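# Fold and geometry: a report
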Amino acid sequence: MSDINQAAENSSSTILEAGKQHLILTGDRPTGPLHLGHFVGSLRNRVKYQHEYQQYIMLADAQALTDNMDDPAKVHNNVLEVALDYLAVGIDPAKSTIFIQSQIPELTELTFYYLNLVTVARLERNPTIKQEIVLRNFERDIPAGFLTYPVSQAADITAFKASLVPVGDDQIPMIEQTNEIVRRFNRLAKKDILVECQALVPEIGRLPGIDGKAKMSKSLGNTINLGASVAEIKAAVKNVYTDPLHLRVEDPGHLEGNVAFIYLDAFDADKIALQEMKDHYVRGGLGDSKVKARLESILQDMLAPIRTRREEFAKDRGQVLQLLKQGTERAREVAARTTDEVKAAIGLKHF
């Protein structure tokens, strides 16, 4: 398996390049296979960013347990699956450090220290956390680990001194809280040890689900996975939400909220032809079946090579695990240096 062996060989060498001024931290909670929403919102940007910045990509298995502790096997089993998705879309472990969060205890240690810089009231005011609590119906039965998620995220970001963090606009409050912790710690230390970060919001932040719901989500079952088969893609596109008022071909159609056209905007490279199709649809005379046929063709062509690469990498899962081990070891060295600086600044270096 030449591709993965070459990746393993390359990843053993240093990936730090003097010309890369910014450092990015990004990642995913491994709770299921990645889908088109991840591809648009983050994955294809990561492939680009790895040529422009130092990039650390975290498999956030520990954070995933904050609301999956009743099924830890779900998280454990998906670590390798998400890693396969990374490799399949073109993330190169020789250019991006891919690591497993739970295998870097320094991240937990930093979280423990930072918790002393944040109040419960401030955590409860975080708009992102408030929204997620409602979505999960926690009410007051909030797992403490979930409530303190912003502090854990701050530890992840600051451990690598990341200056850019790609997030959706709904995650900006998390970045703001990280910077509050950074500023408070630096004031305490009387010098700038930690680095403030900036949210890097993608042009297309998220895709709606195929059912028209606001977000493509594994838990809602309204996704098209990156490893989807030809038949699965065909079935999913057939069920894509369009315009419920477009009952006859000759009827004028509407673009707003029309998931088929939202997906075409995200993936169709021929913008001129797409605009002609939109105009035709709006004035009437174009059926949903033709719109979906175009969408299916584009998605089949786009996902076929990703699926093929994923199947090839999956033939040697042991080697994929080795790549993760190498990346985690590199990441831990960086996190350990920051942790030493933090401990020294607050008087916890006794010998």
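The rules behind each value
Residues numbered from 1 in each chain as written. Predicted model: local features only at pLDDT ≥ 70, side-chain atom pairs only at ≥ 80, totals over all residues. Heavy atoms only, no water. Patch = residues over 30% accessible without salt bridge, like charges linked within 9 Å, V, L, I, M, F, W, Y side chains within 5 Å. Areas by Shrake-Rupley, 256 points an atom, 1.4 Å probe, with all protein chains shown as cover. Salt bridge = Lys/Arg side-chain N within 4 Å of Asp/Glu carboxyl O. Helix = DSSP H or I, 4+ residues; strand = E, 2+ residues; numbered from the N terminus. Buried < 20%, exposed > 50% of the residue type's maximum accessible area, 1.4 Å probe, protein only. Axes fitted to C-alpha atoms, helices over the stretch in contact; angles between N-to-C directions. Parallel < 35°, antiparallel > 145°, perpendicular 65-115°, else oblique. Left-handed = near helix turned anticlockwise from the far one by under 90°. Contact = heavy atoms within 4.5 Å. Nonpolar A, V, L, I, M, F, W, Y, C, P; charged D, E, K, R; others polar. Pairing = 2+ DSSP bridges. Core = buried A, V, L, I, M, F, W, Y, C linked by side-chain atoms within 4.5 Å. 1 Å grid on protein atoms, 1.4 Å probe; cavity = no way out; pocket = protein on both sides within 12 Å on 5 of 7 lines; lining within 4 Å. Points joined across faces, edges and corners; volume = space filled by probe spheres on them. pLDDT = per-residue confidence, 0-100.

### A few points about a nonpolar patch on the surface
On the surface, a nonpolar cluster with roughly 230 Å² of combined accessible area is contributed by Leu 188, Ile 346 and Leu 348. Among the structural elements, Ile 346 can be located in the segment after helix H15 (317–345). Look at Ile 346 and you get partly exposed, because its relative accessible area is 31%.

### Focus: the packing of helix H11 (residues 230–238) against helix H14 (residues 288–313)
Working note: a packed helix pair is described by the angle between its axes plus the distance between those axes. Across the interface, H11 lies against H14 with an axial gap of 10 Å and an inter-helix angle of 150°. Classed by the angle they form, the pair H11 and H14 counts as roughly antiparallel. Judged by the sense of rotation from one axis to the other, the crossing of H11 with H14 is right-handed. On H14, the residues touching Val 230, Ile 233, Lys 234, Val 237 and Lys 238 of H11 are Lys 292, Leu 295, Glu 296, Leu 299, Gln 300, Leu 303 and Arg 307. For the contact of H11 with H14, the class distribution of residues is six nonpolar, one polar and five charged.

### What to know about the pairing of strand E2 (residues 54–59)
Taking burial as the measure, the six residues of E2 include six buried ones, the bulk of the element. Covered by surrounding structure in E2 are Gln 54, Tyr 56 and Met 58 together with Gln 55, Ile 57 and Leu 59, the residues of both alternating faces. Summarising the sheet, E2 and strand E3 (residues 96–100) pair through five bridges and their orientation is parallel. Its bridge partner being in E3, Ile 57 is matched across the sheet by Ile 98.

### Let's talk about the pattern of salt bridges
Taken as a whole and judged by the stated rule, the model has 20 salt bridges. Residue Lys 278 pairs with Asp 265 through a salt bridge whose shortest N-O separation is 2.6 Å. In this pair, Lys 278 sits in helix H13 (residues 271–283) while Asp 265 sits in helix H12 (residues 259–267), placing the two residues 13 residues apart along the sequence. Among the ionic pairs, Asp 340 bridges to Lys 349, the shortest N-O distance being 3.6 Å. You can call Asp 340 partly exposed: its relative accessible area is 38%.

### Some points on the nonpolar core
Core analysis: the biggest nonpolar cluster contains 51 residues, and Leu 36, Ile 224, Tyr 263 and Phe 267 have the highest contact counts within it. With nine residues, the single largest contributor to this core is helix H4 (residues 72–89). In this structure, Ala 60, Leu 107, Val 118 and Ala 331 belong to the second largest nonpolar core, which totals 43 residues.

### Describing the layout of surface pockets
Taken as a whole, the largest pocket encloses approximately 1600 Å³ of empty space. Lining the largest pocket are 47 residues, and of these Arg 29, His 38, Glu 132, Gln 171 and Lys 215 lie nearest its centre. Listing elements by their share of the lining of the largest pocket, those giving two or more residues are strand E1 (23–28), helix H2 (36–49), helix H7 (127–135), helix H9 (149–159) and strand E4 (164–166).

### Observations regarding empty space enclosed by the protein
Evaluated as defined, the whole model comprises one cavity of 30 Å³ or more. In this structure, the largest cavity occupies an estimated 50 Å³ of space. Every residue along the wall of the largest cavity is listed here: Ala 83, Leu 87, Pro 93, Ser 96, Thr 97, Ile 98, Val 320, Leu 323, Leu 324, Gly 327 and Arg 330. Only H4, E3 and H15 provide two or more residues apiece to the lining of the largest cavity. For the lining of the largest cavity, the element with the most residues is H15, which contributes five residues. Taken together, the residues that form the lining of the largest cavity break down as seven nonpolar, three polar and one charged.

### A short note on the environment of Ile 157
With respect to the element layout, Ile 157 can be found in helix H9. Sequence separation of Ile 157 and Gln 50 is 107 residues, and the distance between their C-alpha atoms is 17 Å. Setting aside anything within four residues of it in sequence, one finds Ile 157 in contact with Leu 25, Ala 162, Val 165, Ile 175, Thr 178 and Cys 197.

### Points about the environment of Gln 300
Within the secondary structure layout, Gln 300 lies in helix H14. Using a relative accessible area of 12% as the deciding quantity, one classes Gln 300 as buried. Spatially, the C-alpha atoms of Gln 300 and Asp 28 are 25 Å apart, while their sequence positions differ by 272 residues. Those residues in contact with Gln 300, other than ones at most four positions away along the chain, are Val 230, Ile 233 and Lys 234.

### A short note on the packing of H4 against H15
Where H4 contacts H15, the axes come no closer than 10 Å and their chain directions differ by 85°. Classified by the angle between their axes, H4 and H15 sit roughly perpendicular to one another. Facing H4, whose interface residues are Val 79, Leu 80, Glu 81, Ala 83, Leu 84 and Leu 87, H15 presents Arg 317, Val 320, Leu 321, Leu 323 and Leu 324.

### Things to note about the confidence of the model for the protein
Low pLDDT marks stretches whose predicted atomic positions should not be read closely. Mean pLDDT over the protein stands at 91; residues scoring 70 or higher make up 94%. Taken together, the stretch residues 4–20 has pLDDT below 50 and engages in 34 contacts with residues farther than four places along the chain or on a different chain.

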